[in-house]
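# Architecture at a glance
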Amino acid sequence: MSGAAITLSKLGKSFEQKRIFGGSTAFHAVRDVSLSVAPGRTLGIVGESGSGKSTLLRMVLRLIAPTAGTVEIDGEDIWALASRDLKGLRRKVQPIFQNPSSSFNPRQTIGAILTAPLEVHGIGDRKSRRDKAVELLERVGLMAAHAERLPHQLSGGQKQRVAIARAVILEPRIVLADEPTSALDVSVQAQVLDLFQEIKSAMGLTSVFVSHNLAVIRQVSDEVAVMRLGEVVEYGPVEQIFAAPQHDYTRALIAAVPDHAHLFTTSKPEDPRSDK
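I will try to describe carefully the structure that is included in this document.

## Overview of the pairing of strand 8 (residues 206-211)
Along strand 8, six of the six residues are buried, which leaves the element largely enclosed by surrounding structure. Burial along strand 8 is two-sided: the face carrying Thr206, Val208 and Val210 and the face carrying Ser207, Phe209 and Ser211 are both buried. As defined by bridge partners, strand 3 (residues 42-46) adjoins strand 8 across five bridges and the pair is classed as parallel. Opposite glycine 44, over in strand 8, you have phenylalanine 209 as the bridge partner. For strand 7 (residues 174-178) and strand 8, the ladder comprises five bridges, and the chain directions are parallel. By the bridge assignment, valine 175 is partnered in strand 8 with serine 207. Where the polypeptide runs from strand 7 across helix 7 (residues 186-203) and back to strand 8, its parallel neighbour, the crossover connection is right-handed.

Encoded structure:
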């Protein structure tokens, strides 16, 4: 795992569950996970709901503390960092969440939402921040005029484009995406995934992409980790996993989606610049 951008070693997370008639029991959401992501690569994490994939990602984001193991970014244990060092970590590692509306202030304009990270980190002046926000809006297929709009005035696909722009405005090295297209219709999913790939390639980003959708994982990932009941049951290069899955659970997941090729071609693409 030497030289990895992200290294997870024997990572685990347990939650206490209270019993109806007293006492409690431990629920193991993540068990003994060891994975690494090389610089510039994308690790896809796939599994059904409750498999532990989002809990795993939240530990890498330093939002949920692990009960076992370590998370290292560039060889540094992020859970051993002092509070004064967290700002640097946040600039280096940025999230894209499933529902951008839940992480947008509904009273802020899109321009204010995009410039907020620059203000927090003391980057640039008001004009340069504004210019950067407009530049990124145009880069993700929107218009400068969208900076004046409120989140509720944008479609789901447009909001997810804004979420991608916000994630990369600090020029991070790592982006962690948690089901970022699951709330979108099929044709818009394809557009957002293409945008994600384009931005990742242009910026040389390392990424972890969580999804329950096998077709999405196949499109964006270099390596795949298949999770079931908190454990990684299969891991390897994306083409190897899909061509010759070794675990029964992986085979069952693939068998449940018999025709991946047509998942993104069932409806007319949305124009991201439109008001719809």
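The discussion continues.
## Re the pairing of strand 9 (residues 223-228)
With five of its six residues buried, strand 9 lies for the most part within the structure. Two strands pair when backbone bridges link them, and strand 3 and strand 9 are joined in this way by four bridges, in the parallel orientation. Looking across to strand 9, one finds that leucine 43 is bridged to glutamate 223. For strand 9 and strand 10 (residues 231-237), the ladder comprises six bridges, and the chain directions are antiparallel.

## Considerations on the sheet that holds strand 7
Reading across from one edge, 6-7-8-3-9-10 is the order of the six strands in this open sheet, with mixed pairing throughout. Each edge of the sheet is formed by a strand with only one pairing partner; in this case those strands are strand 6 (93-96) and strand 10. Neighbour to neighbour, the strand axes of the sheet diverge by 15 degrees on average, direction disregarded. Along the sheet, helix 6 (residues 156-168) contacts strand 6 and strand 7; its crossing angle with strand 6, the most-contacted strand, is approximately 175 degrees. In this fold helix 7 packs onto strand 3, strand 6, strand 7 and strand 8, with an angle of close to 160 degrees to the strand it touches most, strand 8.

## Comments concerning the pattern of salt bridges
As enumerated under the stated definition, the model contains ten salt bridges in all. Of the charged contacts, one joins arginine 41 and glutamate 223 as a salt bridge, the two residues approaching to 2.5 Å between their closest N and O atoms. Of the two residues, arginine 41 sits in the loop between strand 2 (24-37) and strand 3 while glutamate 223 sits in strand 9, which places them 182 residues apart along the sequence. Overall, glutamate 223 belongs to the buried group, its relative accessible area being 15%. Put simply, aspartate 178 and arginine 58 hold a salt bridge, and the shortest N to O gap is 2.8 Å. Pair noted here: aspartate 178 is in strand 7 and arginine 58 is in helix 1 (residues 53-60), with a separation of 120 residues, a long-range link. Judged by relative accessible area, which is 6%, aspartate 178 ranks as buried. Overall, arginine 58 belongs to the partly exposed group, its relative accessible area being 29%. Bridged by salt links that share partners, the residues Arg41, Asp222 and Glu223 form one connected network.

Basis of the calculations
- Residues numbered from 1 in each chain as written.
- Predicted model: local features only at pLDDT ≥ 70, side-chain atom pairs only at ≥ 80, totals over all residues.
- Heavy atoms only, no water.
- Buried < 20%, exposed > 50% of the residue type's maximum accessible area, 1.4 Å probe, protein only.
- Helix = DSSP H or I, 4+ residues; strand = E, 2+ residues; numbered from the N terminus.
- Pairing = 2+ DSSP bridges.
- Right-handed = clockwise from strand over helix to strand, strands pointing away.
- Axes fitted to C-alpha atoms, helices over the stretch in contact; angles between N-to-C directions.
- Contact = heavy atoms within 4.5 Å.
- Salt bridge = Lys/Arg side-chain N within 4 Å of Asp/Glu carboxyl O.

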